[in-house]
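Residue strings, one per chain:
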2 protein chains.
Amino acid sequence: MTRKSPPKRITIHDVASDAGVSFSAVSKVLRDAYGVSDALRARVNESIAKLGYTPNTAARGMRGKTHVIGVIFPDMRNPYFADVLSGISAALERTTYQMVQGIVQHSTEAALVQSMMNMQLDGLIIVGSISTSEELSGVAARLPLVVDGHHLPNATSFDTVNNDDAESGRIAVRHLVEQGYRKIAMLSLETHNGSVIERREAGYEEAMRAAGLGRHIEIARAPQSLRDIQVVTQSLIEKRVEAIFCWTDYVALEAMSVAGSLGLSIPRDVAIVGHDNTMYCGFEQNSLTSLDQSGEQSGLQAARLLIERIEGRQKAEHFLIHPRLVARRSSAAPA
Amino acid sequence: MTRKSPPKRITIHDVASDAGVSFSAVSKVLRDAYGVSDALRARVNESIAKLGYTPNTAARGMRGKTHVIGVIFPDMRNPYFADVLSGISAALERTTYQMVQGIVQHSTEAALVQSMMNMQLDGLIIVGSISTSEELSGVAARLPLVVDGHHLPNATSFDTVNNDDAESGRIAVRHLVEQGYRKIAMLSLETHNGSVIERREAGYEEAMRAAGLGRHIEIARAPQSLRDIQVVTQSLIEKRVEAIFCWTDYVALEAMSVAGSLGLSIPRDVAIVGHDNTMYCGFEQNSLTSLDQSGEQSGLQAARLLIERIEGRQKAEHFLIHPRLVARRSSAAPA
DNA sequence: CTGAAAGCGCTTACAG
DNA sequence: CTGAAAGCGCTTACAG
């Protein structure tokens, strides 16, 4: 085993001997525990600074808290998640908690959760979970959990943060109807119970019926791949729909691309509305109308709830965000 | 302290007693160590499966390897990083290594590195590092390190994976010159020594001179914010440049947006070339010419190198990727 | 207010 | 081939 000899790690013992105190005194200072005099604390902190000591997270994890939380994202491609992360990060800034991310790629959400539990993290935020209520309850039984973007009928063992996704669907439809569109389709995703997408679909259908457009309800579901989105968009266009509400922005941008490739002009030939109001919406070449659910706010609240839960709160809390339409050229009234 | 009592964790001892062996025998099976009979191994594996045992990463970290590596990204907004992650993930799939990500937000790269060292991770991949050679050498002295996207004059204690960024700059310029453009500017980023951006600038300048266009060299550097990019793009357009080579795609998309807002048409009034060939380039409304440095390949190689290094390789290796131009409408020859 | 002891769940020599 | 012992760096009662 040829290993480079790593510079010896500085431990609590080194700090103790430098400060001339017992090593348990150092531990107490670190954890802000009771029963340390100001003099002792000052001396220890000085040594910590001098030696550049940082606690070994693995060792901490064996006994108490690691002061690290985990955040799980379903993918890194959807720019909405960057907004959520930004909110979480801001909320954590003034706390002693650090964060690591797990992004579902070839592995599964469950594997990532397991891996983070094995690392003894203090709590977990799962964004856009694809797990069932039962699975999430199982996780919540083992560590503090907040789920962001998943509507669960009866989550009592963990907190949730959600956009009012049914309202998103309603707002999108009402807006398009006001602009003069009637044959409004929805471009959705093959999904599962309790997902944000399911709620958006429900809101879409409800508003269509309320507007007397029930006969025009048309929900097309495509997997996440660009190729599939293309095919499904084409078929909607062939059906001569007048407007398409897409479950997330990048799908809307792809739909826009397909329409353009077919020589159609937006919104004249087909109007498009996205969801999340990510940074690409504002680009002139897209000018995509979108529903803003403030990912930043969502992340901020999720982090707040998680910390409260780590510090002892037992009762579940559920935070709801109200979406807001940002109208742009892609849904302008037909001339 | 009212804490929910978490279901007791299954440890190596539980497995041992279930299998009727000593707990050290279990440890050996887990680590594939020498000196375990097939019969014992089979019995232990059966118990592991039955009990659903997974090793406690924190405990492992106290003595040996955690089998977890860390990947640090400078941000989550640039879609190029999703490609890199995908490559790393693919490379890890057939190994026993898990991965967590750290994304630089409000914290710093150095803080994230420290945090991951404290977690006793087995190795680190830093993508798009902003640290100096010295800082990175300091990290490499403590754990196996691969740096992706950072040209360091004399990295001997860690591996690197790089795109040939000077070549990217040259290819961009040559392509634009072939298409008939002469006043070619570069939209860059305020940056540091050894960065990929610096190299792209160097390649740009070199190719401009080689084409006899030295007098048209114009490098505008903007911070990462959309607002700043707007201002800088406007000033380039006011100088009546004929083409703009942007250091990364989303900057190019923003430049495109600014041009559009000013009523200019692309490429007739100004041609645009991006870098990374991320998924947005192919959208009809963008149709952005871009240099493909294959983020997936980059991630794949980085993970391979890191694992080799974790398993004992001492000599530094440096992998170079050759960029490839993907031409689209944004740089078509002026009619 | 301060310190000595036990123990978290593993790995790593070492002894049988 | 198998197992008992020591120890990684902390936290948590507990004793002084």
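Computed from a predicted model, the values in this text were never measured in an experiment.

Caption draft 1: Layout of the overall build of chain A. If you tally the helices and strands in chain A, you get twelve helices and twelve strands. Reported as C-alpha extents along the three principal axes, the dimensions of chain A are approximately 80 × 45 × 35 Å. Considering only residue pairs separated by 6 or more positions, chain A has 66% of its internal contacts joining residues 24 or more positions apart. Working note: accessible area of chain A is about 14000 Å², and carbon and sulfur atoms make up 51% of it.

Caption draft 2: Layout of the relation of the copies chain A and chain B. The operation relating chain A to chain B is a screw motion whose rotation component is 180°, with 0.0 Å of axial translation and a residual RMSD of 0.1 Å. Given the turn and translation reported, the copies of this chain are related as if by a two-fold rotation axis. A shared interface surface links the copies, since 100% of the contact residues of chain A are contact residues in chain B too.

Caption draft 3: Representation of the pattern of salt bridges. What the rule picks out here adds up to 32 salt bridges over all chains. A salt bridge links Lys50(A) to Asp18(A); its shortest N-O distance comes to 2.9 Å. Here Lys50(A) is found in helix H3 (residues 38-51), whereas its partner Asp18(A) is found in helix H1 (residues 12-19), with 32 residues between them in sequence. By relative accessible area, Lys50(A) is classed as exposed at 60%. Salt-bridge contacts for Arg324(B) lead to Asp292(B); the nearest nitrogen and oxygen are separated by 3.2 Å. Remark: Asp292(B) occurs in strand S10 (residues 289-292) and Arg324(B) occurs in strand S12 (residues 324-326); sequence separation between them is 32 residues. Connected via shared salt-bridge partners are Asp159(A), Arg304(A), Glu308(A), Arg309(A), Arg313(A) and Glu317(A).

Caption draft 4: Quick look at the domain arrangement of chain A. Here chain A is partitioned into domain 1 (12-55), domain 2 (68-164 + 295-321) and domain 3 (165-293 + 325-331). Here the C-alpha centroids of domain 1 of chain A and domain 3 of chain A sit 59 Å apart.

Caption draft 5: Spatial organisation of the sheet that holds S12(B). Residue and element names in this part refer to chain B. Pairing is mixed across the open sheet formed by six strands, whose spatial order is S7-S6-S8-S9-S10-S12. Where the open sheet ends on each side, the last strands, each with one partner, are strand S7 (219-222) and S12. Looking at each pair of strands side by side, their axes are set apart by 20° on average, direction ignored. Sheet topology places strand S9 (residues 271-275) next to S10; three bridges connect them, and they run parallel. Its bridge partner lying in S10, His-275 is registered against Leu-291. Against the sheet, helix H10 (residues 226-238) engages strand S6 (184-189), S7 and strand S8 (243-246), with an angle of about 160° to S7. Sitting on the sheet, helix H11 (residues 249-261) is in contact with S6, S8, S9 and S10, with an inclination near 160° to S9.

Caption draft 6: Up close: the packing of aromatic side chains. For the coordinates displayed, the defined rule picks out seven aromatic pairs over all chains. Here the aromatic rings of Tyr280(A) and Tyr280(B) are separated by 4.0 Å at their centres, their planes lie at 15°, and the arrangement is stacked. Taken together, the residues Tyr280(A) in the loop between strand S9 (271-275) and strand S10 (289-292) and Tyr280(B) in the loop between S9 and S10 connect one chain to another. Assigned by exposure class, Tyr280(A) and Tyr280(B) land together as buried. The interplanar angle of 55° and the centroid separation of 5.7 Å between the aromatic rings of Tyr80(B) and Phe81(B) together place this pair among those described as tilted. Each member of the pair, Tyr80(B) together with Phe81(B), is buried. What links up through ring pairs into an aromatic cluster is the set Tyr280(A), Phe283(A), Tyr280(B) and Phe283(B).

Caption draft 7: Structural detail: the protein's contact with DNA strand C. Inspection of the region around DNA strand C gives 23 residues, with Lys28(A), Gly35(A), Arg63(A), Ser27(B) and Arg31(B) positioned closest. Of everything in DNA strand C that lies within 4 Å of the protein, sugar and phosphate atoms constitute 58%. For DNA strand C, a phosphate oxygen lies 3.3 Å from a polar atom in the side chain of Ser22(A). A distance of 3.1 Å is found between a phosphate oxygen of DNA strand C and a side-chain nitrogen or oxygen belonging to Arg60(B). Listed by contribution, the elements that provide at least two residues to the surface near DNA strand C are helix H2 (23-31) and helix H4 (57-63) of chain A together with helix H2 (23-31) and helix H4 (57-63) of chain B. Considering each element in turn, the surface near DNA strand C owes the most residues, four residues, to H4(B).

Caption draft 8: Structural detail: the sheet that holds strand S7 (residues 219-222) of chain A. Residue and element names in this part refer to chain A. Taken together, the six strands give an open sheet; going across it, the order is S7-S6-S8-S9-S10-S12, and neighbouring strands pair in mixed fashion. In this open sheet, the two strands that pair with only one neighbour each are S7 and strand S12 (324-326). Sheet twist, expressed as the average angle between the axes of neighbouring strands with direction ignored, equals 20°. Sitting on the sheet, helix H9 (residues 196-210) touches strand S6 (184-189), S7, strand S8 (243-246) and S9, and the angle it makes with S6 is about 170°. The strands touched by helix H10 (residues 226-238) within the sheet are S6, S7 and S8, with S7 carrying the most contacts at an inclination of about 160°.

Caption draft 9: Inspection of the environment of Asp276(A) at higher detail. Residues and elements named next belong to chain A. With respect to the secondary-structure elements, Asp-276 resides in the loop between S9 and S10. Along the primary structure Asp-276 and Ser-17 are separated by 259 residues, whereas in three dimensions their C-alpha atoms are 54 Å apart. In contact with Asp-276, not counting residues within four places along its chain, are Asn-78, Tyr-80, Arg-200, Thr-248, Asp-249, Ser-290, Leu-291, Asp-292 and Gln-293. A polar atom in the side chain of Asp-276 sits 2.8 Å from the side chain of Gln-293.

Rules and cut-offs
- Residues numbered from 1 in each chain as written.
- Chains lettered and ligands numbered in written order.
- Predicted model: local features only at pLDDT ≥ 70, side-chain atom pairs only at ≥ 80, totals over all residues.
- Heavy atoms only, no water.
- Helix = DSSP H or I, 4+ residues; strand = E, 2+ residues; numbered from the N terminus.
- Contact = heavy atoms within 4.5 Å.
- Areas by Shrake-Rupley, 256 points an atom, 1.4 Å probe, with all protein chains shown as cover.
- Least-squares fit on C-alpha atoms with pLDDT ≥ 70 in both.
- Salt bridge = Lys/Arg side-chain N within 4 Å of Asp/Glu carboxyl O.
- Buried < 20%, exposed > 50% of the residue type's maximum accessible area, 1.4 Å probe, protein only.
- Domains from an automatic or database assignment.
- Pairing = 2+ DSSP bridges.
- Axes fitted to C-alpha atoms, helices over the stretch in contact; angles between N-to-C directions.
- Phe/Tyr/Trp six-rings, centres within 6.5 Å; stacked < 30°, edge-to-face > 60°.
- Near = heavy atom within 4 Å.
- Polar contact = N/O pair within 3.5 Å; in protein donor to acceptor, adjacent residues only side chain to side chain.

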